[in-house]
Amino acid sequence: MPVATDQFKSSLSHWASGVSVITYASKAIKGGVTVSSFSSVSLEPPLVLFCLAKHSKAKEAIETAGNFAVNILSAEQKQISADFASGSLDKAVVLEGLNPGTLSTGAPILEGSLASLDCLVHQIIDAGDHWIFLGLVEAVATKEGSPLLYFNRNYRELI
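Conventions adopted
Residues numbered from 1 in each chain as written. Predicted model: local features only at pLDDT ≥ 70, side-chain atom pairs only at ≥ 80, totals over all residues. Heavy atoms only, no water. Helix = DSSP H or I, 4+ residues; strand = E, 2+ residues; numbered from the N terminus. Buried < 20%, exposed > 50% of the residue type's maximum accessible area, 1.4 Å probe, protein only. Contact = heavy atoms within 4.5 Å. Areas by Shrake-Rupley, 256 points an atom, 1.4 Å probe, with all protein chains shown as cover. Pairing = 2+ DSSP bridges. Axes fitted to C-alpha atoms, helices over the stretch in contact; angles between N-to-C directions. Salt bridge = Lys/Arg side-chain N within 4 Å of Asp/Glu carboxyl O.

- The chain has the name Flavin reductase family protein in an unreviewed UniProt entry, where Leptospira limi is given as its organism.

Structure follows, in structure tokens:
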């Protein structure tokens, strides 16, 4: 059953065009990827979307898992964002090192994130040079704090 509208709105109040990491897990595949394009689509049902480049290997993994979590990073999570954005690191190893929890769907939730939205894959749309993932929000977790912002290849704190 999708998350309540008030919970969904509260979780999105923590998002300020900051850095989001999408995490996913199935029995065989775990990982994550930093995305810059994330937004809310509707309140009822609670839907979100994010974009993923066509060359990303995460598409098949998320499709297979059938779930994903949007983790809106706090200012203290700069290294986590850099690790997931790095092309040279194994994302499953990065994820295991963080010892993530779960909420509803089994998608990994990054501890310390300002908001985590646990989603089921609702639809995947071919948009030419990228994929658009729509997710039905099943659960949320939030905390207070400042978001990690990304601007001009530098991470900044919201002041």
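Here's the deal with the overall build of the chain
Part 1: Summing up its helical and strand segments, the chain has four helices and nine strands in all.
Part 2: When the elements of the chain are put in sequence order from the N terminus, they spell out α-β-β-β-β-α-β-α-α-β-β-β-β.
Part 3: For the chain, the proportion of its 159 residues judged to be buried stands at 47%.
Part 4: Across the chain, every contact between residues at least 6 apart in sequence was considered, and the portion connecting residues at least 24 apart equals 67%.
Part 5: With the model as given, the accessible surface of the chain reaches about 8,200 Å², and the carbon-plus-sulfur share is 51%.

Here we look at the sheet that holds strand 3 (residues 38-42)
Part 1: One open sheet accounts for seven strands, arranged 2-1-5-6-7-4-3; its pairing is antiparallel. In this open sheet, the two strands that pair with only one neighbour each are strand 2 (30-35) and strand 3. For this sheet, the mean inter-axis angle between neighbouring strands, taken without regard to orientation, is 35°.
Part 2: The pairing of strand 1 (residues 20-25) with strand 2 spans six bridges and is antiparallel. Residue pairing for strand 2: Val21 is matched across the bridge by Thr34.
Part 3: In the packing of helix 2 (residues 58-65) onto the sheet, the strands contacted are strand 1, strand 2, strand 4 (47-53), strand 5 (67-72), strand 6 (115-126) and strand 7 (130-142), and the crossing angle to strand 1 comes to about 55°.
Part 4: Contacting strand 1 and strand 2, helix 3 (residues 78-85) runs over the sheet at an angle of about 105° to strand 2.

Concerning the pattern of salt bridges
Part 1: One pass over the structure, following the stated rule, counts two salt bridges.
Part 2: Across the pair Lys54 and Asp126 runs a salt bridge, and its minimum N-O distance is 2.7 Å. In this pair, Lys54 is assigned in the loop between strand 4 and helix 2 and Asp126 in strand 6, connecting sequence segments 72 residues apart.
Part 3: Of the charged contacts in the structure, one is a salt bridge between Lys59 and Glu63, with a shortest N-O distance of 2.9 Å. Of this pair, Lys59 and Glu63 both sit in helix 2, four residues apart, which is roughly one turn of that helix.
Part 4: Taking the relative accessible area as the measure of exposure, Lys59 reaches 14% and is therefore buried.

Quick word on the pairing of strand 3
Two faces make up the sheet, and in a regular strand the side chains alternate between them.
Part 1: Note: strand 3 against strand 4, four bridges, orientation antiparallel. Paired with Ser40 across the strands is Val48, a residue of strand 4.
Part 2: Hairpin connection of strand 3 to strand 4: four residues between the antiparallel strands.

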